[in-house]
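Coordinates in review
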Amino acid sequence: MATINSNFLKLQKSYLFSTIAQKVSAFKANNPDAQLIRLGIGDVTRPLAPAVIEALHKAVDEQASADTFRGYGPEQGYEFLRQAIIDGDFTPRGINIDLDEVFINDGAKSDTGNFVDILGTDNTICVTDPIYPVYIDTNVMAGRAGNFEEGAWDRIAYSPCNAENNFIPALPTTPVDLIYLCYPNNPTGTTLSRTELKRWVDYALANDAIILYDAAYEAYIQDEETPHSIYEIEGARACAVEFHSFSKTAGFTGLRCGYTIVPKEVTAKAKDGSRVSLNPLWNRRQCTKFNGTPYIVQRAAEAIYSEAGKRQVRETIDYYMTNARLMREALTATGLQVFGGENAPYIWFKTPAGVSSWEFFESLLHEAHIVSTPGAGFGPAGEGYIRLTAFGRREDCEEAMRRLKTWMQQS
Ligand code: PLP
């Protein structure tokens, strides 16, 4: 008889955003006339940059002729895109990355989830809390999380980030092997300074741990000081893998493209005690399980690095960051304690005393017709917080803030 991977039965009933979608659908069914404003899921609303559209058209036309048609591409991604990434994202920051250390993917969700395929199931995990749920769920699937008890997995070390510690996670107090860091952070919208990030790199080097660094939102960093890549920190090439996404950088949530950097120096122990480099192992995994991101999408991603592409993408990011500023100001004016939104497209605020994040989410949905994300959905330390995204249309963000203000005054 066929059996299933019983780790999947340990997963929470549904993925956070599916639960929210169900609640929103139920509300919509009962209130068909309500004008909902969706600031919950982190999906973008601005169209793709003209340079990207132009590259897409051109690549599509190439597929129409036998001379320029492309079938299967390299599993690691085309060289033109990998080189554009190195030249655009790393060389200007003084970071050396080799071509064979760049792996193009169909979005960071796939690789942040899949990367643990090549790591032993006996590794212990550390996450900052609250956190993007994919890191935990994919480790539950792989059997690394243990049991879910009192709102947390017993084999995962949680490092809480909240207003009390200024959203700076403390280093683990128990031994850990794999550390997930995501900066700028989803959901809190906060960042880590160079000094703070260095503490983690030093910890990983001293304790033979690997950092899985998710830089999906690095393009939103506004200040000069905050690191865009973990490789800006000395020693990180020996202990960190970095994930990037074009989803939020350039509106690729529908097109699907991102990349992962796996430096050849990052190693982990084999059973016989020898050190194995993760780079060839990941390459082997990709060659077996992944057949590449579509050619036309990779051409579209390449266009982000053209002069016009860079300018256009920057304009869109500025649009969302203006939303973030307007929302921050409006929420702060209502007396709420607001975080994030300065170097990230997420606003994170505290619910009024005694109100849980799911309660606040429900009230906001039913009474102000605004869809948010309850902080508790991102981990135990997210309880008592709400996340709003700045990815909405300007008029929706402004209307949401007007509604929220009126609603807060009435309640
Ligand atoms: N990493 C973080 C922190 C995210 O918030 C998201 C998407 O919301 C992703 C990765 C996934 O991005 P992609 O669309 O590239 O799969």
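Our subject is the structure that appears above.
What you see is a predicted model, and the numbers here were worked out from it, not measured in a lab. (Residues numbered from 1 in each chain as written. Predicted model: local features only at pLDDT ≥ 70, side-chain atom pairs only at ≥ 80, totals over all residues. Heavy atoms only, no water.)

1. A closer look at the overall build of the protein chain
When its secondary structure is counted, the protein chain shows 12 helices and 17 strands. In terms of overall size, the protein chain behaves like a compact globule, its C-alpha atoms giving a radius of gyration of 21 Å where 411 residues would be expected to give roughly 22 Å. When its C-alpha atoms are laid out on the principal axes, the protein chain stretches across 60 × 55 × 55 Å. Within the protein chain, the proportion of its 411 residues that are buried is 52%. Excluding contacts between residues fewer than 6 apart, the proportion of contacts in the protein chain whose partners are at least 24 apart in sequence is 73%. In the protein chain, 39 positive and 51 negative side-chain charges are present, and the distance between their average locations comes to 3 Å. (Helix = DSSP H or I, 4+ residues; strand = E, 2+ residues; numbered from the N terminus. Rg over C-alpha atoms; globule rule 2.2 N^0.38 Å. Buried < 20%, exposed > 50% of the residue type's maximum accessible area, 1.4 Å probe, protein only. Contact = heavy atoms within 4.5 Å. Lys, Arg positive; Asp, Glu negative; His and termini not counted. Charge placed at Lys NZ, Arg CZ, Asp CG, Glu CD.)

2. Overview of helix α8 (residues 278–289)
Over its 12 residues, α8 runs 16 Å from end to end, which matches the ideal 16 Å to within 8%, given 1.5 Å per residue. Residues of α8 that are buried include every one of Leu-278, Asn-279, Trp-282, Arg-285 and Gln-286, and no others. End-on view of α8: buried residues confined to an arc of 125 degrees, all on one side of the axis. Those residues of α8 that are exposed and angled more than 90 degrees off the buried face are Arg-284 and Thr-288. Lining the buried residues of α8 we find β2 (102–105), α4 (108–114), β8 (210–214), β9 (240–245), β11 (267–269) and β12 (275–277). You can read the cap of α8 off the contacts: a side-chain oxygen lies 3.4 Å from the backbone nitrogen of Asn-279, and it is on Ser-277. (Expected span 1.5 Å × (residues − 1). Arc of directions from axis to C-beta. Polar contact = N/O pair within 3.5 Å; in protein donor to acceptor, adjacent residues only side chain to side chain.)

3. Some remarks on the environment of Asp-100
With respect to the helices, strands and loops of the structure, Asp-100 is situated in the loop between α3 (79–90) and β2. We classify Asp-100 as partly exposed; its relative accessible area is 40%. Linking Asp-100 and Pro-280, residues 180 residues apart in sequence, is a C-alpha distance of 9.3 Å. Once residues within four sequence positions are removed from consideration, Asp-100 is found in contact with Arg-82, Lys-264 and Asn-279.

4. Overview of the sheet that holds strand β3 (residues 125–129)
The seven strands lie next to each other as β2-β10-β9-β8-β7-β3-β6, forming an open sheet whose pairing is mixed. Both edges of this open sheet fall to β2 and β6 (156–160), since each of them pairs with a single strand only. Pairs of neighbouring strands in the sheet enclose a mean axial angle of 20 degrees, with direction left out of account. Bridge count for β8 against β9 is four bridges, and the pairing is parallel. Looking at β9, one finds that Leu-212 is bridged to Val-241. (Pairing = 2+ DSSP bridges. Axes fitted to C-alpha atoms, helices over the stretch in contact; angles between N-to-C directions.)

5. Considering the pattern of salt bridges
Tallied over the entire structure, the rule returns 22 salt bridges. Between Glu-101 and Arg-237 there is a salt bridge, and its shortest N-O distance comes to 2.6 Å. With Glu-101 in the loop between α3 and β2 and Arg-237 in the loop between β8 and β9, the pair connects residues that are 136 residues apart, well separated along the chain. Owing to a relative accessible area of 0%, Glu-101 belongs among the buried residues under this scheme. We note a salt bridge from Asp-396 to Arg-393, for which the minimum N-O separation is 3.1 Å. Take Arg-393: its relative accessible area is 41%, and that puts it in the partly exposed class. Each of the salt bridges in this network shares a partner with another, and the network as a whole consists of Arg-93, Arg-194 and Glu-232. (Salt bridge = Lys/Arg side-chain N within 4 Å of Asp/Glu carboxyl O.)

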